[in-house]
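# Structural features, examined
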Amino acid sequence: MKRTIIICYLTIFCLGVFAQAKSNQASVVTKARLTQNLPADSLKTKAKVVKRMHKKMIMSLDTLTLSDYTLSIERVNDNLNTIGDSAKLGFDVENIARRIDYMTNYVKLIRQNFKGRHSVIHLKNQYLYQSFTSKLDDETDRIQAQLDNLYHRVYHAKLHLKKVLSDSIFRKLYADKDLRATFDDKLIRLEWKWNRTDSVTKANLDTLNNLKVRLSDNSLILSNILNILDKRLDNAVPKLFGQEVNYLWQVDGDQTKSPKSAKNMISIFKGEQNAISFYLSQTSKERTNVVLIGILLFIWLFFKRKLLKTVRIQNDTYNYLNLKYLNNFPILSLLILLLSLMPFFDAYAPTSYISIEFILLLIASTVIFFKNSDRKFLFNWLALVVLLIIDVTVYLLIEPTFVERLLQLGIHLCIMFFVISFYRTLQKKMPYYRFIKLATILGIILSGLSIIYNLFGRFSLSGVVGIASVFAVTQAIVLTVFVEVIFEIILLQLQSSRLKKGIDKPFETSIVINKIKTPLIIVAVLIWFITLTSNLNIYHGISDATVDSLTRIRTIGSISFQLLSVIMFFVIIWIAHILQRLLSFLFGETGDVEDLTTKSKGQHSRLLITRLLVLIGGYLLAIAASGLPIDKLTFLLGALGVGIGMGLQSIVNNFVSGIILIFDGSLQIGDEIEVSGQAGKVKEIGLRASTLYTADGAEVIIPNGNILSQNIINWTFTNDEKRIMLSFSLTGNELDANLINEIINDTIKNIPHAISQRKPVILYTKVTPVSCSLTIRFWSTISKFEVVKSEAMQQLSAAFTAKNIGFE
């Protein structure tokens, strides 16, 4: 029974536990089912709660203070300042506006002037307008680029101005009435600044747009003018060489019409006047250079006026200078020099302007020739000058009618006659005979061509060639005066420098003239050629073709170069050699050995150093100007280094030794030295070798390396004294040593160039009752050593003979 009761209790307990487990599992399942059935509502609610919590957190973190708003205002103010600075135009725009105004005026002048008559072709004026129109067109492009940069800057400033108020803190400040009231003063100032910057930016954009419109109008007009001028010039050459009018013997109604009225001539005259005015306005820099050269020349003349007066008064003393022009016509000579240089500045000038300049040059030359030339030459010269004036006037003012063509034909016949007459007076002995003869022959040919062109209806070409024929002859004559005036300027400056150094003796002027004659003749021929080609209206084409050829890039292997660079390299070196030579002349050096005194040898050395620096500077400038690709010449430089190491050692050694000798000072120009078995005076110290002038008159060229590697006896290193030693014998019945010493001392003391401060040393080498042998030593200047020795022997012999003492 007990057992049955226990089993029942256990059974009931197990059933209870099982039932509780089932109940727990059912509750879990129920909770899961409830969670799955409520996501839409409960999750949304939960998200809203989280969002509100985050918003509260952000609002708590994003709370702004007054300092934040102040910083925002300052930030906007700084941006406005930056925008205002970017939008400012300044003086650049005023300068651009002024340049555009000038260009507009020049464009008007060109439009007025280049529309001249078409019956007579004036190529020179067309080239003038084309040249300056091209320059104005290039200037327009440069101004356009500047305006584009300014407009780009101001426009971006305007765009930035719209974004400057997009600052979030500033917008919140501006939207809040309370905060706006707090910063009211600052916001008012800021608003005023924004409005002002906005108005300035808009005004500046309008200004720039206005300038761009004006510039665009000028550019369009210039482009049209260039097209018209190009067409005219393209048609001018065929028209110039073609038949403009009928042959002279074919007279028609048009050719027999009356000449131009006074109104038309005045119109042509005003047109030429406008062309000259326009040319002068466009070449102010060239005029400034000419005026500066003229001022320097006349300042030099002012400082040399006393020397010129002395030369004029003491003409016999300074006759070796041969100052034919400066001595008699100093002002006119400098004026001729200045006017002769004008073709370098006025190659594109109008015909009327060049003619006026040249006529002034001829008038100045006529005044000089009037007193220094024979009558036949003067008559031909005056005739050519008058014919030139008439021919230029006729060419500029007349139309190709029959009467005016006959007038021009008569003028050209007279020109040809007088040029031939002048040619017959030429003599081979006259200076520059070949140059003048060539110019005269060319003048005869051109005058003959002008006659032929007129006969066959080439009226304009006849006028051009006829004027060029007179120019060719007369300018060749004037250029000889130009060269001679430069010679006289250099000789006068040389004489002035010599007088300052205390040298008043004559010198050989041919030494100076021969060294600078070739460069000056080249310059004179170049001036003559420029004027001739300019008068023939071919200078423009020749210069353009030459520039194109010289500036064209040429390639040899991997090396590219321009002929202009190569020519500049050699020309600059050549000019450097000429300048260092002129530098010597301007400081009184003639190259004469007699001038190489020991007193001035320090100055000679300083001048030598200066000349060396000029040469070095010239070579460096030549290398820089030539644009040689040194980086591509590495192989060549390496080969040169090997050559120096192998075969060019002596050359480099001499070059370096020459530089050492120049700067060392142990050997100077004018020193009396003995080296390599040669004795003489140092005449020149060059970069490769030095020149020694011996007593026999020979010039010994010794390499600098040999001089530096040997012992040198320099008699004038510290002074110019040299000891003389004489040996002689005296015979007599009663020889008194005191009397002998007295005679020797008195005689040596009175010999010129003997140094009296040093007492002679008298040595008795042999003494007998009736004779004695003596050796005396005294000092003299090195340059008069032989003369003093000879004079001492003669005077000692005479002095002892007078005392009845035999001298042997």
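These lines cover the structure that appears in this document, whether it is placed above or below. Note that this is a predicted model, so its numbers are computed, not measured. (Residues numbered from 1 in each chain as written. Predicted model: local features only at pLDDT ≥ 70, side-chain atom pairs only at ≥ 80, totals over all residues. Heavy atoms only, no water.)

Strand pairing within a sheet occurs via backbone hydrogen bonds; the two strands may be parallel or antiparallel. Reading across from one edge, E6-E5-E4-E3-E7 is the order of the 5 strands in this open sheet, with antiparallel pairing throughout. Edge positions in the sheet fall to strand E6 (699-703) and strand E7 (713-714), since each has one partner strand and no second. Pairing geometry for strand E3 (residues 672-675) and strand E4 (residues 678-685), over 4 bridges, is antiparallel. When the sheet's bridge partners are listed, Glu674 is paired in E4 with Ala679. (Pairing = 2+ DSSP bridges. Helix = DSSP H or I, 4+ residues; strand = E, 2+ residues; numbered from the N terminus.)

On to the pattern of salt bridges, then. Here the structure, examined in full by the defined rule, presents 6 salt bridges. Between Arg214 and Asp101 there is a salt bridge, and its shortest N-O distance comes to 2.1 Å. Pair noted here: Arg214 is in helix H8 (residues 184-241) and Asp101 is in helix H4 (residues 91-113), with a separation of 113 residues, a long-range link. Lys212 serves as the salt-bridge partner of Asp148, at 3.5 Å between the closest nitrogen and oxygen. One end of the pair, Asp148, is in helix H5 (residues 123-163); the other, Lys212, is in helix H8, and 64 residues separate them in sequence. On the accessibility criterion, Asp148 (34% relative accessible area) is partly exposed. A relative accessible area of 23% means that Lys212 is categorised as partly exposed. (Salt bridge = Lys/Arg side-chain N within 4 Å of Asp/Glu carboxyl O. Buried < 20%, exposed > 50% of the residue type's maximum accessible area, 1.4 Å probe, protein only.)

Another point: unusual backbone geometry. One non-glycine residue, Asn322, adopts positive backbone phi at about 55°. Notably, Tyr432 is not glycine yet its phi reads approximately 60°, a positive angle. Assignment of secondary structure puts Tyr432 in the loop between helix H15 (402-424) and helix H16 (433-455). Judged by relative accessible area, Tyr432 falls into the buried class, the value being 16%.

Attention now moves to the sheet that holds strand E9 (residues 761-767). Taken in spatial order, the 4 strands line up as E9-E10-E8-E11 in an open sheet, and their pairing is antiparallel. In this open sheet, the two edge strands, each paired with only one partner strand, are E9 and strand E11 (806-807). When E9 meets strand E10 (residues 771-781), the two strands line up antiparallel, connected through 6 bridges. Considered in E10, the bridge of Val761 is made with Arg777.

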